[in-house]
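# A closer look at the structure
Spelled out from the first residue to the last, the chains are:
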Amino acid sequence: MQTTTPHIISNIRLNDDPTPRHYTAEICTLTKQGEKKTYTAVAQEFQLLYAGTQGEFRHYQMNIKDRFYLNERYNIIQKLNKAQKLGLTIAKINDQLEFATNPHFKFIKITNPQTIRDTWQTVRPEILEMHPDLNTMADNFDQQLKDENIQQLYQNDNFFNFFFADIFQQKIKKGEELETNKIVADAIERIAIPIIETRKVVTSDDPETQITVNLSAEMDADHSKFPLNELTAFLGKLPATPGSQQALRLKYSGVYQVDTDKGIITQGSLNYTFSIGEFYEKTTIINYTVA
């Protein structure tokens, strides 16, 4: 941790007003492997409600109002293909979620797992009626939603890890760099990669009411869960010359815009790219804003 301007300290207040707040969000991924390019973008409108504090945890309810796919021009796709229809159907399990966070607004756990499982039981036969060949996928979901697995499923979600920012109600010096360890799920194909994220509070045009938090990151190659074997196996599937050295790179940048008067993040934006030489590149973009 490095400090450049220690004389200015900000304690970012976290809003505890039970009035619902409305958001829009987009999660986009672009994968390039050789000549093949795959683009997926899902947008959603949702409401977040602070539901009070119980013990050490703050509780929030998230209700999805709408969810749709976007094309590369960010227009709503009206005619969905099979995979998109399936994706929206499965996503219904996330229509009503309840979260517990710590006082800094860091996601700790899902508190309504049974609601999620009940919704899945109504969605499951609908999926299998449309696609009888998806029994294996349905069985995998059954396993993921069991008590021993469901918390990890949501804790590993990249959107929730970004949305619940973990920056409130703690003294942060402007210009100070704070490091936090994270794991990016599905960073390359289905491979999760540990990173060290650095956050830096910078001065805004009106520092009395607005604070900007800039994000950067590097891969944590020394982490006990760094997937060297999985990455080596994946590299073996790429059309690289056997024995050649292909660099794994990460470009990572993000920002939170915080309204300190209201105690909320008004806008969050994150953009990161993992690449392997010239053979593979995957970019993820996450944006959300108060509507």
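Read on for a plain summary of the structure. (Residues numbered from 1 in each chain as written. Predicted model: local features only at pLDDT ≥ 70, side-chain atom pairs only at ≥ 80, totals over all residues. Heavy atoms only, no water.)

## Here's the deal with the overall build of the protein chain
Of regular secondary structure, the protein chain possesses six helices and 13 strands. Since a compact globule built from 291 residues should have a radius of gyration of about 19 Å, the 20 Å found for the protein chain is in line with a globular shape. With the principal axes as the frame, the protein chain shows a C-alpha extent of 60 × 50 × 40 Å. Out of the 291 residues in the protein chain, the part that is buried amounts to 43%. For the protein chain, long-range pairs separated by at least 24 residues make up 62% of all intrachain contacts whose partners lie at least 6 apart in sequence. Carbon and sulfur atoms make up 47% of the accessible area of the protein chain, which amounts to about 15800 Å² in all. Within the protein chain, one finds 31 positive and 37 negative side-chain charges whose respective centroids are separated by 2 Å. (Helix = DSSP H or I, 4+ residues; strand = E, 2+ residues; numbered from the N terminus. Rg over C-alpha atoms; globule rule 2.2 N^0.38 Å. Buried < 20%, exposed > 50% of the residue type's maximum accessible area, 1.4 Å probe, protein only. Contact = heavy atoms within 4.5 Å. Areas by Shrake-Rupley, 256 points an atom, 1.4 Å probe, with all protein chains shown as cover. Lys, Arg positive; Asp, Glu negative; His and termini not counted. Charge placed at Lys NZ, Arg CZ, Asp CG, Glu CD.)

## Observations concerning the pairing of strand β9 (residues 191-202)
In terms of burial, β9 is largely enclosed, as nine of its 12 residues are buried. Where strand β8 (residues 177-188) meets β9, nine bridges bridge the pair, whose relative direction is antiparallel. Bridge pairing in β9 places Glu-179 opposite Thr-198. Connecting the antiparallel pair β8 and β9 is a turn made up of two residues, with Glu-189 showing a positive phi of about 55 degrees. (Pairing = 2+ DSSP bridges.)

Geometric descriptors of this kind do not, in isolation, establish any biological role.
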